[in-house]
Every structure is written in C-alpha cells, then in structure tokens.
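Chain and residue survey
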Amino acid sequence: MRRLALTLILIFLLLSPGYPAAAQPERSGSPEGAAATQERLVLFESFMTFG
Amino acid sequence: MVPGRVIDELAQEYAGRPVVFIEQNAWAPVGERISRFWAAHTDDNSSTPLVIVDSGHQCTNGAVDYHAVYSGMVDQELARPPEAEIAASYTRVGNRIRADIELKNLSSRTLSIENEATAHLIVYEDKHVGQTGRIVRAAPWAEITTELVPSATMTLTLETPELSGVDWSKLHVIALADYRPGGESGPYDMLQAAFVGSAVPATQLYLPLVQR
C-alpha cells in the first residue's frame, strides 16, 4: 500500500506542470511570474518622510 | 494629491507590466540604494520624496506633477532594453533570505570595481508602513570586484540580515545589477532587475504527504 502511494505521488510529481518550474530560477517578470522574456524590469524607488 | 497615493495608483495602473514601485524611509534607508539618488542629484537643494528610477538613470525630488512626471520616467525606462540577464533563486535560512544570483553582462562594457558595478538584493513587503503599500525590508549588496567582460556570466550569493516583524507570505525578492557609466562620478544606471523565486524544490513541498 505504501509503495503504491509512493508510486502515485511520484507520477503526480512528474506530471505536475509546477514541478520543473518550482526548481528553476525565476527570471524577470511580475511577482506572479507572468513575464518570462528578458524585458527590462523597471525599478521605481521612492524615499519618503515617514511620520 | 499626496505622492504616496499617486505611487499606489501608478502601481495599479502598471500592474501586469514589468515595473516595481518600492519605498524606503528617507531618514533610515537600508542598503546602497539612496546613494544612487545622491549620485544622480545635481542640485544643492532637495526635498522628499526623493525618487529614482533604475538606480538613478532618472531622478526627481520634491513636489512635481507626480502622476505625469513619475509615469513619464517609467515609460522612458520601459522602452530601454536590459543590459544584463539575471537568473536567481533564494532560500530562507532561519529568518534570513539567501539568494544565489547568476548575472550575464549583455552590455558592451566590462563591469568591474572601476565603474562601481554592484549587485543588490532587495526584499520588500506588501505593507503600508510609510506612504505607499510596498516597504523595503532589506537590501544587501556586493560590489563586482572581478571583471565581468561583455557576454560573460558570474554567480554570487547575497544574504539579508535577520528579518523580524515581517509577514513572510507578503515578501518579494528582487535581484539587480547597476554600475556607474561615468566611473567615479555621475549617476548610476541599472543594467537589469529580476524577481527572485524560491528555490525550494517541489519534492520538498510534497514530502510531508509521503511521510504520513
């Protein structure tokens, strides 16, 4: 039973579309990872007075 | 309208496009980011908000037509191609974030300490602390001391200090590289930035299921 469960989990991992992606370094894009092309990620930084 | 509210509106307007709007306390900045404003700022006077886009390739400060000026700066930067390729991943080590960064120089210049080439890691949180909804929590950096010739690739690791009082589910990590085209003076320019994803393999995410 345990071997069957492990086999099913292994098959699930191999077929899961997120499996290879999760182990890959993420490239530029939105926080949601929508963009994968090498376009410029623009960084707007503001330094404010907190108060 | 106050600048923080305009910046939050711009963050909504540019949602889905490759733009990040982040904020720091001008009087308690972290990392080597505010130095990019002072390198780019040529006037004797300045007032908050101090603003830089792409490490000071463009900068402004004080009261301006916030929406028009800020969006104009962003639009100009969006039109520029990146000059580096960054691939990175991070792991959480206790209450720190450690990122392994692979940087490829796509520019025609050699990056080195001579032009103050630097890699930065910026960790920000989706939280309204100052005037906008995205506050920088840490920004470790390292100068690129080994010459990186055009088309060459290097790897480096950056790690934050202990991050306390943060909601880890709302943190985002960015890696970027910048340099100073003028050498020892003048503004910096950002080569490229990239969001950094967690390096936790999917197998680790599913292991608890196996162990039951």
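Residues numbered from 1 in each chain as written. Chains lettered and ligands numbered in written order. Predicted model: local features only at pLDDT ≥ 70, side-chain atom pairs only at ≥ 80, totals over all residues.

Remarks on unusual backbone geometry
All names here are of chain B. A cis amide bond links Thr-48 to the next residue, Pro-49, at an omega of 0°. Here Pro-49 shows up in the loop between α2 (34-40) and β2 (50-53). At Ser-151, a residue that is not glycine, the phi angle is positive and equals roughly 75°. By the element assignment, Ser-151 lies in the loop between β8 (141-143) and β9 (153-159). (Helix = DSSP H or I, 4+ residues; strand = E, 2+ residues; numbered from the N terminus.)

Some details on the sheet that holds strand β4 (residues 84-93) of chain B
All names here are of chain B. Overall, mixed pairing links the 4 strands, which are arranged β9-β5-β4-β12 in an open sheet. At either margin of the open sheet sits one strand with a lone partner, and together these are β9 and β12 (197-198). Here 7 bridges tie strand β5 (residues 96-105) to β9, and the two strands are oriented antiparallel to one another. Residue pairing in the sheet places Ala-99 in a bridge with Leu-158 of β9. (Pairing = 2+ DSSP bridges.)

Looking at the confidence of the model for chain B
The predicted coordinates ought not to be read in detail in places where the model reports low pLDDT. For chain B, per-residue confidence averages 95 on the pLDDT scale, and residues scoring 70 or more make up 94% of the total. Across the predicted assembly, pTM comes out at 0.84 and ipTM at 0.94. (pLDDT = per-residue confidence, 0-100.)

Some remarks on the packing of helix α1 (residues 3-13) of chain B against helix α3 (residues 66-78) of chain B
Residue and element names in this part refer to chain B. Running from amino to carboxyl end, α1 crosses α3 at an angle of 45°, the nearest separation of the two axes being 10 Å. Of the possible angle classes, the one that applies to α1 and α3 is oblique. Taken as a pair, α1 and α3 cross one another with a handedness that is right-handed. Where α1 abuts α3, its residues Pro-3, Val-6, Ile-7 and Leu-10 lie against Tyr-66, His-67, Tyr-70 and Ser-71. Here the residues of the contact of α1 with α3 are counted per class, giving 6 nonpolar, 2 polar and no charged. (Axes fitted to C-alpha atoms, helices over the stretch in contact; angles between N-to-C directions. Parallel < 35°, antiparallel > 145°, perpendicular 65-115°, else oblique. Left-handed = near helix turned anticlockwise from the far one by under 90°. Contact = placed C-beta atoms within 7 Å. Nonpolar A, V, L, I, M, F, W, Y, C, P; charged D, E, K, R; others polar.)

Considerations on the nonpolar core
In this structure, Ala-99, Ile-174 and Ala-175 of chain B are the most contacted members of the largest nonpolar core, which totals 61 residues. Among the elements that line this core, the one with the most residues is strand β10 (residues 171-179) of chain B, at 6 residues. (Core = buried A, V, L, I, M, F, W, Y, C linked by C-beta atoms within 7 Å. Buried ≥ 20, exposed ≤ 12 C-beta atoms within 10 Å, placed from the backbone.)

What to know about the confidence of the model for chain A
All names here are of chain A. Mean pLDDT over chain A works out to 62, with 29% of the residues at or above the 70 mark. The least confident element of chain A is helix α2 (residues 18-22), whose mean pLDDT is 42; the most confident is strand β1 (residues 42-48), at 98. For the stretch residues 17-30, pLDDT sits under 50, and the model shows 39 contacts to residues farther than four places along the chain or on other chains. Counting contacts from residues 32-37, a segment whose pLDDT is below 50, to residues more than four positions away or on other chains yields 11 contacts.

Let's talk about the environment of Val-196 of chain B
All names here are of chain B. Positionally, Val-196 belongs in the loop between β11 (189-195) and β12. For Val-196, a count of 28 C-beta atoms within 10 Å puts it in the buried group. Residues Val-196 and Ile-174 lie 22 residues apart in sequence; the distance between their C-alpha atoms is 5.4 Å.

Some remarks on α3 of chain B
The end-to-end C-alpha distance of α3 of chain B is 18 Å, a good match for the 18 Å that 13 residues give at a rise of 1.5 Å each. Within α3 of chain B, burial applies to Tyr-66, Tyr-70, Met-73, Val-74 and Glu-77 of chain B. Angularly, the buried residues of α3 of chain B cover 95° about the axis, an arc narrow enough to put them on a single face. Residues of α3 of chain B that are exposed and angled more than 90 degrees away from the buried face: Ala-68 and Asp-75 of chain B. Packing partners of the buried residues in α3 of chain B comprise β1 of chain A together with α1, β1 (19-25), β2 and β3 (58-61) of chain B. (Expected span 1.5 Å × (residues − 1). Arc of directions from axis to C-beta.)

Comments concerning the pairing of β4 of chain B
The side chains of a regular strand alternate between both faces of the sheet. All names here are of chain B. Inspection of the sheet shows β4 paired to β5 by 10 bridges, in the antiparallel sense. Each bridged residue has a counterpart across the sheet, and for Ala-84 the counterpart in β5 is Asn-105. Here β4 hands over to β5 after 2 residues, with Gly-94 in that stretch at a positive phi of 65°. Looking at chain direction, β4 and β12 are connected through 2 bridges and run parallel. By the bridge assignment for β12, Tyr-90 is matched with Ser-198.

Side note on the environment of Val-74 of chain B
Turning to its location among the elements, Val-74 of chain B is positioned in helix α3. Residue Val-74 of chain B is classed as buried on the basis of its 22 C-beta neighbours within 10 Å. Sequence separation between Val-74 of chain B and Tyr-14 of chain B is 60 residues; the distance between their C-alpha atoms is 9.4 Å. In contact with Val-74 of chain B, other than residues within four places in its own chain, are Val-42 and Phe-44 of chain A together with Tyr-14, Val-19 and Val-53 of chain B.

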